[in-house]
Amino acid sequence: VQLQAYGGGLVQPGGYLRLSCSASGRPFSFYGAGWFRQAPGKGREFVAGIDRSGDATYYRDSVKGRFTISRDNAKSTVWLQMNSLEPEDTAVYYCAADNRHPRFYSRDPRMHYWGKGTLVTVSS
């Protein structure tokens, strides 16, 4: 599976962005999907995950209530809607796919497939 993330940019605190990730290759419905991020000088961390059908979603605590992950398997796309952005959300965001259920992504972020990142900068 090849993944391509896009939609990053510069936004003011309190603003919003929507990241998209397009998949190609094997049917996207075979995989759970997730968004991860890496801030400058920090390690990569789990942000959100969604199961194959889109029925189950998971979030890191700091983004709950602000971020929403969703997917459309017919379009082979997963999105991350990010609202009420904070400077601490500044990072390179990566989409990823894996055969495992997304409940495991936060504990073990070793995903099978990764896309190139897209930079999100939250600054006034």
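As a reminder, the structure under discussion sits directly above these lines.
Notes on the structure follow. Predicted model, so just to flag it, every value in this text is computed and none were measured. Every chain's residues receive numbers from 1 upward, in the order its sequence appears when written. Since the coordinates come from a predicted model, pLDDT governs what is reported: local features require at least 70, and pairs of side-chain atoms require 80 or more to be given and counted, while whole-chain, interface and lining totals use all residues. Side-chain numbers here rest on the full set of heavy atoms in the structure, without hydrogens or water.

Where charged atoms from two side chains of opposite charge approach closely, those side chains can pair. Just to be clear on terms, a salt bridge is a Lys or Arg side-chain nitrogen sitting within 4 Å of an Asp or Glu carboxyl oxygen. In this structure the tally under the stated criterion is nine salt bridges. Across the pair Arg37 and Glu45 runs a salt bridge whose closest N-O atoms are separated by 2.7 Å. Relative accessibility under 20% of the residue-type maximum defines a buried residue, over 50% an exposed one, and the middle range a partly exposed one, all with a 1.4 Å probe and only protein chains included. Residue Glu45 is classed as partly exposed on the basis of its relative accessible area, which comes to 26%. Two residues, Arg60 and Glu45, come together in a salt bridge whose shortest N-O distance is 3.5 Å. Residue Arg60 is located in the loop between strand E6 (57-59) and strand E7 (67-72), and its partner Glu45 is located in strand E5 (residues 44-50); the two are separated by 15 residues in the primary sequence. Under the relative-accessibility criterion, Arg60 is labelled partly exposed at 25%. Helix numbers and strand numbers start at the N terminus; a helix is a DSSP run of H or I with at least 4 residues, a strand a run of E with at least 2.

Looking now at the sheet that holds E7. Strand order in the open sheet formed by four strands is E1-E3-E8-E7, with antiparallel pairing between adjacent strands. For this open sheet the edge positions go to strand E1 (2-6) and E7, each flanked by a neighbour on one side alone. Pairs of neighbouring strands in the sheet enclose a mean axial angle of 15°, with direction left out of account. Relative to strand E8 (residues 77-82), E7 runs antiparallel, the two being bridged by six bridges. Following the sheet pairing, Phe67 is matched in E8 by Met82. What makes two strands pair is DSSP finding at least two bridges between them. Axis definition: a line fitted to C-alpha atoms, over the contacting stretch in the case of helices. Angles run 0 to 180 degrees between N-to-C directions.

Okay, the environment of Gly49 next. Mapped onto the elements, Gly49 comes out in strand E5. With a relative accessible area of 0%, Gly49 lands in the buried category. It is 9.2 Å that separates the C-alpha atoms of Gly49 and Arg60, two residues lying 11 residues apart in sequence.

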